[in-house]
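Analysis of the macromolecular model
Here are the chains, one letter per residue:
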Amino acid sequence: MERIIDALLNGDIFPPELIVSLVIMVIILIFSLIVFIKAKRTNPLEKPHGIMLIAEYFVEFIDNLVATNMGPQFKKIGGAVFGFICPYLFLAMIAGLFGVPSPITMLYMPLSLGIISFLLIHAVSAYYTHWKYFQRYIDPFPVMLPINLLSMWAPLLSLTFRLFGNAIAGYVIMNLFYWAFENIFTFAGGLTFAPIITPIFHAYFDVFSGFIQTTVFTLLSMALIKNEVPLEISTQLDKEYKESIAIKNRIDNELIAMSK
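1. Remarks on the nonpolar core
What tends to happen in soluble globular proteins is that the nonpolar side chains get buried as a cluster. Counting residues in hydrophobic clusters, the biggest one holds 32 residues, and the most contacted among them are Phe 74, Ile 104, Leu 113 and Ile 225. Those elements giving two or more residues to this core turn out to be α2 (16–41), α3 (51–69), α4 (75–93), α5 (108–129), α7 (154–183) and α8 (194–226). In terms of residue count, α4 provides more of this core than any other element does, eight residues in total. Among residues more than four places away in sequence, those in contact with Phe 74 are Val 66, Gly 79, Val 124, Tyr 128, Ile 225 and Val 229. Counting five residues, the second largest nonpolar core, distinct from the first, contains Phe 118, Tyr 133, Tyr 137 and Leu 156.

This is how it looks when you write it as structure tokens:
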């Protein structure tokens, strides 16, 4: 058993980045299950607190983000997809703070995230345009088919290598800092500058960069998906959503006035 554990930790069986990725997904799953169980036992009329308050703020934030950047028609599926991608990607980017390799430094992980967005882009396009979806590959002339087939992969490559490049750059720079501080700036007694200075660089290359990359990946994916919805349909859905919100607010105001 000890040999198996050592082999897992040393990356002899699975890459350590894959193990870290699985651990992050398990953490998100456990948190989701706890929220689900507590939501079943919580009175919806009472003010939430503790973990339910955090979950409510997070769900409301994701729903508003999806409705604003994609449209209200995507609140259900968009909230589910990006409600997982956002915390996963951020935790994966800051994994270096805990002394473990970031899953994003392994090409398969950002590629997997890019494939999710890529599939959603084409699924949304096919859903709203039906058979006209295939017309995109022969516009403006049928002779453009080979070029259009190549250009269709541009979003996947862009999303994947943006994440991968930034993660690798941060990983390499942080290792260079540790190597430099360990071998050059050494005081008597084995003390180094690393514990004092490296947290500053971790704050940038892990926390700040992780937040920025999560935001960029999310907003860019949302924009690419929304662009596949025909303008007239998107405008009509936005109008209906705003009208429903106005009606809901008017009813809420009337109920508040009646309660007084």
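2. Let's talk about the side chain of Ser 21
Summarising the element assignment, Ser 21 is placed in helix α2. With relative accessibility at 2%, the residue Ser 21 sits in the buried group. The residues contacting Ser 21, other than those within four sequence positions of it, are Tyr 88, Pro 103 and Met 109.

3. Things to note about the layout of surface pockets
Considered as a void within the structure, the largest pocket measures approximately 490 Å³ in volume. Phe 31, Ser 32, Phe 58, Val 59 and Gly 83 are the residues nearest the centre of the largest pocket, which is lined by 18 residues in total. Secondary-structure elements contributing two or more residues to the lining of the largest pocket are α2, α3 and α4. When residues of the lining of the largest pocket are assigned to their parent elements, the largest contribution, seven residues, is made by α3. Taken together, the residues of the lining of the largest pocket break down into 13 nonpolar, three polar and two charged. Computed from the structure, the second largest pocket encloses a volume of approximately 350 Å³. Around the second largest pocket, the lining comprises 18 residues; the ones closest to its centre are Gly 96, Val 100, Tyr 171, Met 174 and Asp 206. Looking at the lining of the second largest pocket, the elements that each hand over two or more residues are α7 and α8. For the lining of the second largest pocket, the element with the most residues is α7, which contributes seven residues. Looking at side-chain class alone, the lining of the second largest pocket contains eight nonpolar, nine polar and one charged residues.

Thresholds applied
Residues numbered from 1 in each chain as written. Predicted model: local features only at pLDDT ≥ 70, side-chain atom pairs only at ≥ 80, totals over all residues. Heavy atoms only, no water. Core = buried A, V, L, I, M, F, W, Y, C linked by side-chain atoms within 4.5 Å. Buried < 20%, exposed > 50% of the residue type's maximum accessible area, 1.4 Å probe, protein only. Helix = DSSP H or I, 4+ residues; strand = E, 2+ residues; numbered from the N terminus. Contact = heavy atoms within 4.5 Å. 1 Å grid on protein atoms, 1.4 Å probe; cavity = no way out; pocket = protein on both sides within 12 Å on 5 of 7 lines; lining within 4 Å. Points joined across faces, edges and corners; volume = space filled by probe spheres on them. Nonpolar A, V, L, I, M, F, W, Y, C, P; charged D, E, K, R; others polar.

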